[in-house]
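Coordinate analysis (summary)
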Amino acid sequence: PKWWLEDLKKQPKSTTDAICEVRIMGTDEMMTLPVKQSTTVFEVKSFVAMKLGIDPGNLIMVMKGGCSWRVQADCEEVARKVFLKGIKSFTRAKHKWPNPIAIIGTGHAGLRQAMWFLKHKEYNFVVYDRKAQVGGTSWLDQANTTSKLQTELGTYHLQYDEDNPVPKNMNTWPSTDELIKHFQEVAEEYGIMPYTKMCTNVQEMVIKSGTRQEQAAEMSASGQNWSTQTYTLTLEPTDGTGDGRGDNIGATGEPCFKVDHSAVIMYPGNLTLPKHYELKGKENFQGPISYAIMNDFDYNETTGKRIGILGHGAFAVENLRTCLEYSSKQVYMICRRKNLSCPRVVSWFINQSVNPLSGPLTMRSFMPAYNLIGFDPWSYYAVHANEKRTTVTITQKSRFGIGDVYFLAVSMGICEVIEDEIKRVSTSSIHLESGRRVEVDVILKLYGFNGNFDVDRLMNVKSMTGFWVDEDFRRYLIAEPIGVNATNFGGTSFSPGVRVWVDYVAHFLWYPKDWAYLRDCGLLPKHSAEEEIDRPAYVIDARHGTQTSMAIGSTTPAIGESQMNLGFVKRQKQLECHPTQKFLQECSEEWKAYGQKFKELGAPRECPPYPYTLKIVEELLAANEEEAALKAARG
């Protein structure tokens, strides 16, 4: 208010700390607030109103003086003990929806959403999946039998939360089978399964709403900034075997049925359609050519063979490990340009941080591994730095491939990275534009993945606004944003991000009034389908994801408050599962085991010592703490 600003100019505010006890009149509820001596009644009212999403003008502050009561004016310094009229509770009332909330997908994110609802006593929901088993596309379909978690268990497990325990008796980098078993056990332990409908494909969604005139009349009468809509899902029984590619749903032929829902949340999982690349002369090649996804390829065919891996992204790095575990003779990674890969220690280092690592510190942490193989990551296309390298932005289309096998295989010579364009293939060779001829027995085309336009069609997407479809807070759609685009790095794993995502959608479903502030802030990025590059609207990049989270945090204080300590949670989980010295020892032992195997396979060079020592790790940890202290000092 104008009077408050004028008064502030005349008399500076006292900064003496104090405590204010605010009780709701007629109840036992009390809130204790840290305040300053000069904090006004209006400021306390505004704080309470912000938390509850109400107008501060509806609140009345009362104090008791002796045997009498007095209403405090907004301009007064708030008393140390006051009573509040105009609300019944400090707990905000949640909106009750007439129909269940639908969650599509029982992968990591879908199950995590169900756990979040149950934790907060939201029981009006149903989870659908075409599969007979929980686990999701990433682990049930996309992974092969040798796939492992690339990041660490401490920041990748289903019950990741500030209140839940970490898993016990699981490997640091669990296998596909371990993770599928983990998902099933947690789903049963936390009571999710009674809310699931497995072997059920969501075939279609029809949105039912009134005319524009009817919607306007409803909003005017109710005072809401949104009108009633119903989402009718057509559900198709399946046998649980379909992988979702094309028409491969696993439909049983039994009749479909329809169910009304008040909101639809969809987590479609990782992108699973490989980017197609036609090789000139492929009909002449005598060995197998595959995209190596969804167990379409038998890796036994790589044993004792020379492998050409086309690509240098995260999936290509994972396949390098797989091929060498199947005892390939030699691997050539052929790419137009190299992407950054992330050593195990650096992934652990980032995931245990309370304060995100700066770009320069992230690059510094890469160097022991890159020095070993003689590559200069500062020269990579993805790295953008100033002359003194005091600020760094990393921007690449692929996520980091995480692991040590890549660095060990290159250093021992059993893997060669070749930056070149492919001209053609012949009987047993890949011919490069430089004139080089690389002899191979197997070709794996690993150029990354595209999204599925069926997801856009199912959710009726015209464009994405943040993580929401067409500015509708009741249609929430998110797959992990693609690529890397950051100047600070706070995580390489999935679970911390999912903890945030499930909070976002639940908040606006429970408190719809807050949606207008976010929708109208002008900060939410938008994305429409880009058919020319085969990219559906729901496939957003890392920058879109970061901007969305920043917009939510700046316009929705309740969400910011609920997430303010998640950095400490992340560190606690990570270090509880992976103490520094124990993790370093595991990495070193794995390195030696792979080194011995590679030597047995005929690697031309000896296994070098593990590039990260305890001293190096302790120096990196100290540098991160120093960065945080300097940032705090600057305010």
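Summarised in this report is the structure supplied together with it. (Residues numbered from 1 in each chain as written. Predicted model: local features only at pLDDT ≥ 70, side-chain atom pairs only at ≥ 80, totals over all residues. Heavy atoms only, no water.)

1. Structural notes on the overall build of the protein
How we decide: Numbering of helices and strands runs from the N terminus, with a helix taken as a DSSP run of H or I at least four residues long and a strand as a DSSP run of E at least two residues long. As defined in this context, the radius of gyration uses C-alpha atoms, and a globule is described by 2.2 Å times the residue total to the power 0.38. When accessible area is computed with a 1.4 Å probe and restricted to protein chains, residues below 20% of their type maximum are described as buried, those above 50% as exposed, and intermediate ones as partly exposed. His residues and chain termini do not enter the charge count, which takes Lys and Arg as positive and Asp and Glu as negative. By convention, charge coordinates are those of NZ in Lys, CZ in Arg, CG in Asp, or CD in Glu.
Each helix and strand counted, the protein has 18 helices and 33 strands in total. Against the globule reference of 26 Å for 635 residues, the protein gives a C-alpha radius of gyration of 28 Å, in line with a compact fold. Considering the protein as a whole, with its 635 residues, one finds that 53% of them fall into the buried category. Within the protein, one finds 72 positive and 75 negative side-chain charges whose respective centroids are separated by 4 Å.

2. Comments concerning the sheet that holds strand β15 (residues 306-310)
So the rule is basically this: For two strands to pair, DSSP has to find at least two bridges joining them. Residue contacts are defined here by distance: any two heavy atoms, one from each residue, within 4.5 Å place the two residues in contact. Here an axis means a line fitted to C-alpha atoms, over the contact stretch when the element is a helix, while the angle between two N-to-C directions is reported on a 0 to 180 degree scale.
Across the sheet, which stays open at both edges, the five strands sit in the order β14-β26-β15-β16-β22 with parallel pairing between neighbours. Each of the sheet's edge strands pairs with one partner strand only, and the pair in question is β14 (289-290) and β22 (415-419). For β15 and strand β16 (residues 330-335), the ladder comprises five bridges, and the chain directions are parallel. Residue pairing across strands places G308 opposite Y332, the latter belonging to β16. Lying over the sheet, helix α7 (residues 314-325) contacts β15, β16, β22 and β26 (442-445), oriented at roughly 165° with respect to β16.

3. Some words on the sheet that holds strand β2 (residues 30-36)
The mixed open sheet is built from five strands, whose spatial order is β2-β1-β5-β3-β4. Taken across any chain shown, the strands that pair with only one partner, and hence form the sheet edges, are β2 and β4 (68-71). Across the sheet, the mean angle from the axis of one strand to that of its neighbour is 35°, orientation sign disregarded. Note that strand β1 (residues 17-24) and β2 share seven bridges and pair antiparallel. The partner of C20 across the bridge, within β2, is L33.

4. Let's talk about a positive patch on the surface
Rules: Patch membership needs two things, relative accessible area over 30% and no salt bridge, and members are linked within 9 Å if like-charged or within 5 Å if nonpolar (Val, Leu, Ile, Met, Phe, Trp, Tyr). Each accessible area value is a Shrake-Rupley result obtained with a 1.4 Å probe; residue values ignore everything except the protein chains displayed when judging cover. Within this document, salt bridges are pairs made up of a side-chain nitrogen of Lys or Arg and a carboxyl oxygen of Asp or Glu, the two lying within 4 Å of each other.
On the surface, a cluster of positive charge is made up of K275, R336, R337 and K397. When you line up the elements, K397 lands in the loop between β20 (392-396) and β21 (401-402).

5. Considerations on the packing of aromatic side chains
For the record, the criterion: Ring pairs shown here join Phe, Tyr and Trp side chains whose ring centres sit within 6.5 Å, with only the six-membered ring taken for Trp; geometry is labelled stacked below 30 degrees between planes, edge-to-face above 60, and tilted in between. The rule for a charge over a ring is simple: NZ of Lys or CZ of Arg within 6 Å of the ring centre, and within 35 degrees of the ring normal.
Counting across every chain of the model gives 34 aromatic pairs. Aromatic side chains F297 and Y299 sit 5.1 Å apart centroid to centroid with 80° between the ring planes, which places their arrangement in the edge-to-face category. For the residue pair F297 and Y299, the accessibility class agrees, reading buried in each case. Here the aromatic residues W97, W226, Y267, F467, W468, F473, Y476, Y504, F508 and W515 are joined through ring pairs into a cluster of three or more. The ring of Y381 carries R337 above its face, with NZ or CZ at 3.7 Å from the centroid. Here the basic side chain of R344 rests over the ring of W173, its NZ or CZ set 3.9 Å away from the ring centre.

6. Some thoughts on the environment of E43
The cut-off we apply is this: Definition of a polar contact: a pair of N or O atoms within 3.5 Å, with one able to donate and the other able to accept a hydrogen when the atoms are protein atoms, and with sequence-neighbouring residues admitted only if both atoms are side-chain atoms.
Considering the arrangement of structural elements, one finds E43 in helix α2 (residues 41-52). Judged by relative accessible area, which is 26%, E43 ranks as partly exposed. Polar contacts involving the side chain of E43 include one to the main-chain amide nitrogen of T40, which spans 2.8 Å.

7. Thoughts on the environment of G313
One can find G313 in the loop between β15 and α7. For the pair formed by G313 and Q396, sequence separation is 83 residues and the distance between their alpha carbons is 9.6 Å. Contacts of G313, omitting those with residues within four sequence positions, involve N339 and S398.

8. Looking at the nonpolar core
Worth spelling out the cut-off: Put simply, buried Ala, Val, Leu, Ile, Met, Phe, Trp, Tyr and Cys residues joined by side-chain atoms within 4.5 Å make one nonpolar core.
In this structure, M333, Y406, L444 and F598 are the most contacted members of the largest nonpolar core, which totals 94 residues. Non-local contacts of Y406, meaning those with residues more than four positions away in its chain, are made with H312, V317, L320, M333, K338, S341, I373, F375 and V417. The next biggest cluster of nonpolar side chains, apart from the first, holds 56 residues, and it includes W97, I265, Y476 and Y504.

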